Amino acid sequence: MTGGGSWEVWDRFIAVNGQNIYHIGNVCGTCSFFFEKLKDNKKSINPKETIDKLNVGLTSIDDNTIEILREIIPNGFYEIALLTISPRIAVVGQTGDYFSKEQVDLWGIDGYDGVPHSPKVNYYRGTDKEIGDDRKIFEFFIPLTSTDNIDQTRVDFYKEEILKGNKPTAISLSILDIKEPVVWPDDDIKPEFTSHWCIAHYILDGHHKIKAASDLNSEITLLSFTATEKGISSTDDINELLKHIDN
């Protein structure tokens, strides 16, 4: 994290091997949600001792698996959940891109840039769910490994696993940002949802699994480590979120 002006902490980043590869927004609760790829990460991050178990898919969380995965999870405090997910590809600037549609509906287009935000990477979307009181969940699955590393043979392998009835498991470092503007584009017309609960799952392992599930319009599982200290949210908010997205 870095500061700005009188703020000790303002911008947030995800780094791999000391290099910032994603800018993941700021600590402002009334600013819009965003993430932006800064540079390619060519090296895959994977916990080799658990690969076979993850390929078939976890059905529960056990202490041994969590202990092994500690090597790829940054130090911190987390809510850990095994989620069933249905990822679908979102291409920047096209139908299905949050930043071109839902974000513009609530925040409008930035007057300085004059165009919707671009995360500079295609990503996947999951649950969009209304949770009352003008609140709505938006779920994102964001690749940390360059798409240049996608191996179609591995994607096909996971497609076969899914078609057998298995739900291979991906792993994510997740951040919940709850964002709500002070004003909206048309002061006379209140948007349907003014509070966007944006849960961003940064995929540490499982890029081929996510793509296979998206291609098949099917489900896989995700072992999510949601950081309780880094998002624009509280532990109570995270627990409420998990009740809505944990299938």
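The notes below deal with the structure included here. If you're wondering where the values come from, they're calculated on a predicted model, not measured in any experiment.

Let's talk about the sheet that holds strand β9 (residues 169-179)
And step 1. Ordered in space as β5-β11-β9-β10-β8-β7-β6, the seven strands form an open sheet in which the pairing is mixed. Since the sheet does not close on itself, it has two edges, and those belong to β5 (78-85) and β6 (88-90), each with one partner. Going across the sheet, the axis of each strand differs from the next one's by a mean of 35°, ignoring polarity.
And step 2. Pairing between β9 and strand β11 (residues 220-227): six bridges, direction parallel. Looking at β11, one finds that L173 is bridged to F225.
And step 3. Running at roughly 120° to strand β10 (residues 195-205), helix α5 (residues 207-216) makes contact with β5, β6, β7 (123-132), β8 (135-143), β9, β10 and β11 of the sheet.
And step 4. Contacts between helix α6 (residues 235-245) and the sheet are confined to β5, β7, β8, β9, β10 and β11, with β5 contributing the most and set at about 15° to the helix.

Details of the side chain of S195
And step 1. Summarising the element assignment, S195 is placed in strand β10.
And step 2. With residues up to four places along the chain from it excluded, the contact list for S195 reads D134, R135, K136, I178, K179 and E180.

As for unusual backbone geometry
And step 1. In this model, K120 sits at a positive phi of 60°, which is unusual for a non-glycine residue.
And step 2. Tracing the backbone through its elements, the reader meets K120 in the loop between α3 (102-107) and β7.

Rules used throughout
- Residues numbered from 1 in each chain as written.
- Predicted model: local features only at pLDDT ≥ 70, side-chain atom pairs only at ≥ 80, totals over all residues.
- Heavy atoms only, no water.
- Pairing = 2+ DSSP bridges.
- Helix = DSSP H or I, 4+ residues; strand = E, 2+ residues; numbered from the N terminus.
- Axes fitted to C-alpha atoms, helices over the stretch in contact; angles between N-to-C directions.
- Contact = heavy atoms within 4.5 Å.

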